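Here is how the chains run, residue by residue.
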Amino acid sequence: AFEGDEDITGKRPSDQLIRSIEDPLRQFLKTMGRPLVNRLMTRLVLATDLHLNGDDVGGLSDGRRVYVDLDHNSNPLLVYGRTLHHEFSSNILRAAPWTLRNAWNELSAGHYDSSASYLHTCLSSPNFANETSSDLLRHGLLRNYSVTNSENDFNVYAEVLFTEPERLRRWRAD
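All residue numbers refer to position in the chain's written sequence, counted from 1. Reporting in this predicted model follows two pLDDT cut-offs: at least 70 for local features of residues, and 80 or more for side-chain atom pairs to be given and counted; totals over whole chains, interfaces and linings ignore these cut-offs and use all residues. Remark: hydrogens and water are excluded; side-chain values derive from all non-hydrogen atoms of the structure.

A.B. asks: Hey, could you run me through the pattern of salt bridges in this one?
C.D. replies: Note on pairing: side chains with opposite charge can pair once their charged atoms come close. The rule for a salt bridge is simple: a side-chain nitrogen of Lys or Arg has to be within 4 Å of a carboxyl oxygen of Asp or Glu. Applying the stated rule across the entire model yields 11 salt bridges. When the shortest N-O distance is used, the salt bridge between Asp23 and Arg26 registers 3.0 Å. With Asp23 and Arg26 both in helix 2 (residues 22-32), this residue pair falls three residues apart, about one helical turn. As far as the burial class goes, Asp23 and Arg26 line up, both exposed. Helix numbering and strand numbering both begin at the N terminus, where a helix is a DSSP run of H or I of at least 4 residues and a strand a DSSP run of E of at least 2. Type-normalised accessible area, obtained with a 1.4 Å probe on protein chains alone, sets the label of each residue: buried when under 20%, exposed when over 50%, and partly exposed for intermediate values.

A.B. asks: In this structure, what is going on with unusual backbone geometry? I would like to understand it.
C.D. replies: Trans is the prevailing form of peptide bonds, just as negative phi is the prevailing case for residues other than glycine. Of note in this structure, Asp49 is not a glycine but carries a positive phi near 55°. With respect to the helices, strands and loops of the structure, Asp49 is situated in strand 2 (residues 43-52). Its relative accessible area of 32% is what places Asp49 among the partly exposed residues. Of note, the phi angle at Asn53 is positive, near 50°, even though the residue is not glycine. Within the secondary structure, Asn53 is located in the loop between strand 2 and strand 3 (55-56).

A.B. asks: Sorry if this is basic, but what is going on with the environment of Leu141 here?
C.D. replies: Residue position: Leu141 is located in the loop between helix 8 (134-138) and helix 9 (150-163). Separated by 82 residues in the primary sequence, Leu141 and Gly59 have C-alpha atoms spaced 20 Å apart. Contact definition: two residues touch when any of their heavy atoms are within 4.5 Å. Residues in contact with Leu141, not counting those within four places in the same chain, are Ser108, His111, Tyr112, Leu136, Ser146, Val147, Asp153 and Tyr157.

A.B. asks: How should the packing of aromatic side chains be read in this particular structure?
C.D. replies: Geometry of aromatic contacts follows a simple scheme: Phe, Tyr and Trp rings, the Trp one being its six-membered ring, pair when their centres are within 6.5 Å, and the pair is stacked under 30 degrees between planes, edge-to-face over 60, tilted otherwise. In this structure the tally under the stated criterion is four aromatic pairs. Ring centres of Trp104 and Phe154 lie 5.2 Å apart, and the angle between their planes is 90°; on these two criteria the pair is classed as edge-to-face. Pair noted here: Trp104 is in helix 5 (residues 98-108) and Phe154 is in helix 9, with a separation of 50 residues, a long-range link. By relative accessible area, Trp104 is classed as buried at 19%. Ring geometry for Tyr118 versus Phe128: centroids 5.7 Å apart, planes at 70°, classification edge-to-face. Taken together, the positions of Tyr118 in helix 6 (residues 116-124) and Phe128 in helix 7 (residues 126-130) put the pair 10 residues apart, joining distant regions of the chain. Overall, the relative accessible area of 15% leaves Tyr118 in the buried class. Judged by relative accessible area, which is 24%, Phe128 ranks as partly exposed.

In structure tokens, the structure reads:
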């Protein structure tokens, strides 16, 4: 467990693995800007074998700290960039005024499935979590993982906006 986080466990990554993400970290800082990152993130925790309450996760945010599992996927540039943007957007959303958070929640609230079983399916099957469909897109949701709650919906939009903007434009055009 990490200091102060009994429910979150992980292992220290090798120095080589940490060095392998220097470029994605620089790109993330350049995109978001150091002042914003410094204001909204108190710590970036890099780990391997990251778990929340026993469930394997690629990243987490508690609103101030961001946790990234460095061995969660095979494509470091895409995964670290997606995970960083996804989890940091939680910090952005949580820092936003209640009225803005509530407005986002209401955009697709009728289509969220916040059941523990649906979330567990997404966490245990990354392929399922990342799937999209015309039905999801019609309801303003980008991936199955977006369906779990408004925060994850916001996070998926942020990760796609910053890492795959051409895909977002293509989905919008469809």
